[in-house]
Amino acid sequence: MAKRMGLVEPEVMSRRMMHPAEGSVFEIKGILEVVIDRNELPVIVREKPLPDDEIEAWVRPRQIQVVAATVGEDEHSVGLHEILDIKHGGIEKYGFLCHDLGTSVSIERILDAAVETGACVLLISTIVTHAHVHEQNMRGLHRLATERGLRDNLVLLAGGTQVTDELARECGMDAGFGRGTTGRDVASFLVRALRKPQAE
Ligand code: B12
């Protein structure tokens, strides 16, 4: 397989049988005869997050309601809790009022909750990517929010291991966040996005 992947002089470094449902893991090394021109690599530059005190001073007096859930049939909740929970330095610590609907929540239910709570921010976590289900979740949320006439008044953010900002925007989200995201990154993005209309 390594040879077919283009590796020259491949060697197996380790092999490990996992659970029968998950197959085996082979660690391999080899030489990849590809020249990479660093100048041609697209470099993604994220905006520097705002300082904690600036975020909190803007958010806390405004009572901003946020609805969050892992979407579809996704049970992976750890990442979303990192983003929300005060004890993980999540966005609650700045005064965002978070309604965590839990795991495997339908898009319909998320939008219903947005109306019930008066939320202007929806956060979905979509970790599993089999059959591009993460893309379907993002597109579905954007589509249904538009059909219900809610889209213009909502900031929609998606996150997950395979979610990039570019992909999320292509799928109708306002932004996407991948591995290593912190609550501060998200809070900072939200402050910039929510205060923009007031500045104009
Ligand atoms: C723990 C785990 C589970 C636990 C989840 C427990 C829980 N309560 O969350 C359990 C055992 C339930 C589970 C089940 C399954 N899992 Co699982 N799981 C994992 C594992 C090992 C870690 C995930 C995790 O917690 N990461 C730590 C968090 C902090 O990182 P994160 O999720 O990436 O989150 C960060 C960012 O992505 C981002 N982020 C995430 N969400 C959001 C949302 C917003 C709004 C924002 C802004 C940011 C954001 O910020 C977070 C913090 O930095 C991963 C492998 C891995 N190492 O990633 C597999 C993994 C995700 N699982 C996988 C699979 C296949 C499954 C199962 C289908 C297995 C099976 N055959 O049953 C089931 C699916 C169940 C379901 N219906 O969802 C695959 C997914 C493959 C794919 N690409 O689709 C992985 C990658 C393992 C693998 N290599 O195959 N899993």
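Preceding this paragraph is the structure being described.
Residues numbered from 1 in each chain as written. Predicted model: local features only at pLDDT ≥ 70, side-chain atom pairs only at ≥ 80, totals over all residues. Heavy atoms only, no water.

Draft legend 1. Layout of the pattern of salt bridges. For the coordinates displayed, the defined rule picks out 11 salt bridges. Residues arginine 195 and glutamate 54 are paired through a salt bridge, measuring 3.3 Å at the closest nitrogen-oxygen approach. Of this pair, arginine 195 sits in helix α6 (residues 183-199) while glutamate 54 sits in helix α1 (residues 52-59), and the two are 141 residues apart along the sequence. Residue class for arginine 195 comes out partly exposed when judged on its relative accessible area of 27%. (Salt bridge = Lys/Arg side-chain N within 4 Å of Asp/Glu carboxyl O. Helix = DSSP H or I, 4+ residues; strand = E, 2+ residues; numbered from the N terminus. Buried < 20%, exposed > 50% of the residue type's maximum accessible area, 1.4 Å probe, protein only.)

Draft legend 2. Representation of the site of the ligand. With respect to spatial proximity, 26 residues lie near the ligand, and among them Glu73, Glu75, His76, Ser125 and Thr129 are the closest. One of the side-chain nitrogen or oxygen atoms of serine 125 is found 2.7 Å away from a nitrogen atom of the ligand. Note that an oxygen atom of the ligand is positioned 3.4 Å from one of the backbone N or O atoms of threonine 161. Ranked by residues supplied to the shell around the ligand, first place goes to helix α2 (residues 78-84) with five residues. (Near = heavy atom within 4 Å. Polar contact = N/O pair within 3.5 Å; in protein donor to acceptor, adjacent residues only side chain to side chain.)

Draft legend 3. Summary view of the coordination of the cobalt atom of the ligand. Just one protein atom coordinates the cobalt atom of the ligand, and that atom is His76 (NE2), at 2.2 Å. The residue histidine 76 is located in the loop between β3 (65-70) and α2 in this model. (Donors = N, O, S within 2.8 Å, 3.2 Å for Na, K, Ca; no water.)

Draft legend 4. Spatial organisation of the sheet that holds strand β7 (residues 175-177). Taking strand neighbours across the sheet as the criterion, the five strands line up as β4-β3-β5-β6-β7 in an open arrangement whose pairing is parallel. Only two strands of the sheet have a single partner each, and these edge strands are β4 (97-100) and β7. Each strand axis lies, on average, 20° off the axis of its neighbour in the sheet, ignoring direction. For β3 and strand β5 (residues 121-125), the ladder comprises five bridges, and the chain directions are parallel. Opposite alanine 68, over in β5, you have leucine 123 as the bridge partner. Of the strands in this sheet, β3, β4 and β5 touch helix α3 (residues 107-117), which is tilted by about 160° from β3. The sheet strands contacting helix α4 (residues 133-147) are β5 and β6 (155-159), and the helix crosses β5 at an angle near 160°. (Pairing = 2+ DSSP bridges. Axes fitted to C-alpha atoms, helices over the stretch in contact; angles between N-to-C directions. Contact = heavy atoms within 4.5 Å.)

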